[in-house]
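# Structural overview for review
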Amino acid sequence: MVLTLLVGTLTAAMELLWLLAATPCLALPRLRPEVLEASARIASFEARRLGMGAGGYNGVRAHRYLSVRWAAGVLGGLVLLTLGVGAGTGLWLVTGWLAGESPDGIEPTAPVVIYIAVLGTVLLFLNLTGIAGVVTLERWLVTHLLRLSPTEILERRIAELAETRAGIVAAVDVERRRIERDLHDGLQQRLVALAMLIGRARRGRSPELLDDLLRQAHEDAQQALSDLREVAWRVYPSALDSLGLREALAGVAERSAVPVRISYDLDGRPTTTVETAAYFVVCEAVTNAAKHAGADLITVRVASEEGRILVQVIDDGKGGAVLSGSGLSGLARRVAALDGHFSVISPAGGPTVVTAELLCASAAMTRERSPGPDGAAATPERSPGMAGWS
């Protein structure tokens, strides 16, 4: 606590100089954003010094907080100065007495020693109380001047929920249009061609022509079934409910035209909403990498980190993916609806890294893997193919 107050005293002097130099610049529109940003960074440091977290502070609030906080820092410096003077005086007296001297003519008689000991103890208590009081004051300033009030937090949360709800509605509409387009342009056309082949077969008289038409109809029927399965998987994979996220991701890897390596490190099974979001993040990212990135290898990582599920898809393609695309923006809205975080890093030339962090309380996890003979979680073996496990 003493070290915290000492650092606060030093920063208070620098903050006072900063306020004297920066406050006039707030009147200049070109410099105002930079000044407020710098004030927010300084306020973040002060919050970290007090162990109260940091980040995301409003620049105007931060500047107003610094304009008051420097006085608390000076007060803390005065308390530390008093403590130092008292400790130095006591040390000077004790060392003098031990050397057989009488500092300032004060003899080490019993009444004098008892008086100074009691007085020093009281002053030490008052100094330590002052240190604790200044630290408490600084924490109060952070809470009431720097952080948002409960009402403001609630208003911001309401705005976030309204925004994510609108985003989910938009994402659902986009997905509906995509499904309709896949059915109309793909499956429906194949079924129409299949119906025409069957009609020609019914009217045909030549056995050779009939066999050829039936063969074509059989091939088109198989392809139509394959297209139907693809559309069904994009709507919602049945394996996700019956077998879990691990097997559903294995299905994504096996259907991919590009080799996919999966690292799955969850000891339990997430909730249904989190599991579904994680699946679609991987599915969309793998599909984009296979279609547009020209990747040779896609790496998928699913792991649990500090109460969150981290889903990361990395491809070695040409890069250039943007979050504004319909597929990725839909994923961002889906993740935001679960209070998660979604990001895309895709410099020109690659690699592309798609990351989703999903909240998942450990209490909501159920056991998914049975322990092996050595007590470790058993990992199912995969047959050789496009999917690799690590």
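In this text, all values refer to a predicted model and were calculated from it rather than measured experimentally.

## Concerning the pattern of salt bridges
Evaluation of the coordinates by the stated rule reveals nine salt bridges. Glu 15 is the partner of Arg 69 in a salt bridge, and the nearest nitrogen-oxygen pair spans 2.9 Å. Separated by 54 residues along the polypeptide, Arg 69 in helix H3 (residues 59-98) and Glu 15 in helix H1 (residues 2-22) bring together distant segments of the chain. A single burial state applies to Arg 69 and to Glu 15, both of which are buried. Here Arg 41 makes a salt bridge to Glu 37, at a shortest N to O gap of 3.2 Å. Remark: Glu 37 and Arg 41 occur in helix H2 (residues 32-49); sequence separation between them is four residues, near one turn of the helix. We classify Arg 41 as exposed; its relative accessible area is 51%. The structure contains a network of salt bridges with shared partners spanning Glu 15, Glu 46, Arg 49, Arg 69 and Glu 138.

## Side note on the pairing of strand E3 (residues 298-305)
Where strand E1 (residues 260-265) lies against E3, six bridges are found, and the strand directions are parallel. Bridging across to E3, Ser 263 finds its partner in Arg 301. Relative to strand E4 (residues 308-315), E3 is paired through eight bridges, and the arrangement is antiparallel. Across the sheet, residue Glu 305 finds its bridge partner in E4, namely Arg 308.

## As for H1
With 21 residues, H1 extends 29 Å from end C-alpha to end C-alpha; this agrees with the ideal 30 Å at 1.5 Å per step. Along H1, the residues classified as buried are Leu 5, Gly 8, Thr 11, Ala 12, Glu 15, Leu 19 and Ala 22. Those residues of H1 that are buried are in contact with H2, H3 and helix H4 (110-146).

## What to know about the nonpolar core
By size, the foremost hydrophobic cluster in this structure holds 39 residues, and its most contacted members are Tyr 279, Ile 298, Val 300 and Phe 342. Elements represented by at least two residues in this core include exactly helix H8 (245-255), E1, helix H9 (272-293), E3, E4, helix H10 (326-336) and strand E6 (352-359). A per-element tally of this core places H9 first, with twelve residues. Ranked by size, the runner-up nonpolar core spans 14 residues in total, among them Met 52, Ala 62, Leu 141 and Leu 146.

## Examining the side chain of Thr 355
Position of Thr 355 among the secondary structure elements: in strand E6. Only 3.3 Å separates the side chain of Thr 355 from the side chain of Gln 312, close enough to count as a polar contact.

Parameters at a glance
- Residues numbered from 1 in each chain as written.
- Predicted model: local features only at pLDDT ≥ 70, side-chain atom pairs only at ≥ 80, totals over all residues.
- Heavy atoms only, no water.
- Salt bridge = Lys/Arg side-chain N within 4 Å of Asp/Glu carboxyl O.
- Helix = DSSP H or I, 4+ residues; strand = E, 2+ residues; numbered from the N terminus.
- Buried < 20%, exposed > 50% of the residue type's maximum accessible area, 1.4 Å probe, protein only.
- Pairing = 2+ DSSP bridges.
- Expected span 1.5 Å × (residues − 1).
- Contact = heavy atoms within 4.5 Å.
- Core = buried A, V, L, I, M, F, W, Y, C linked by side-chain atoms within 4.5 Å.
- Polar contact = N/O pair within 3.5 Å; in protein donor to acceptor, adjacent residues only side chain to side chain.

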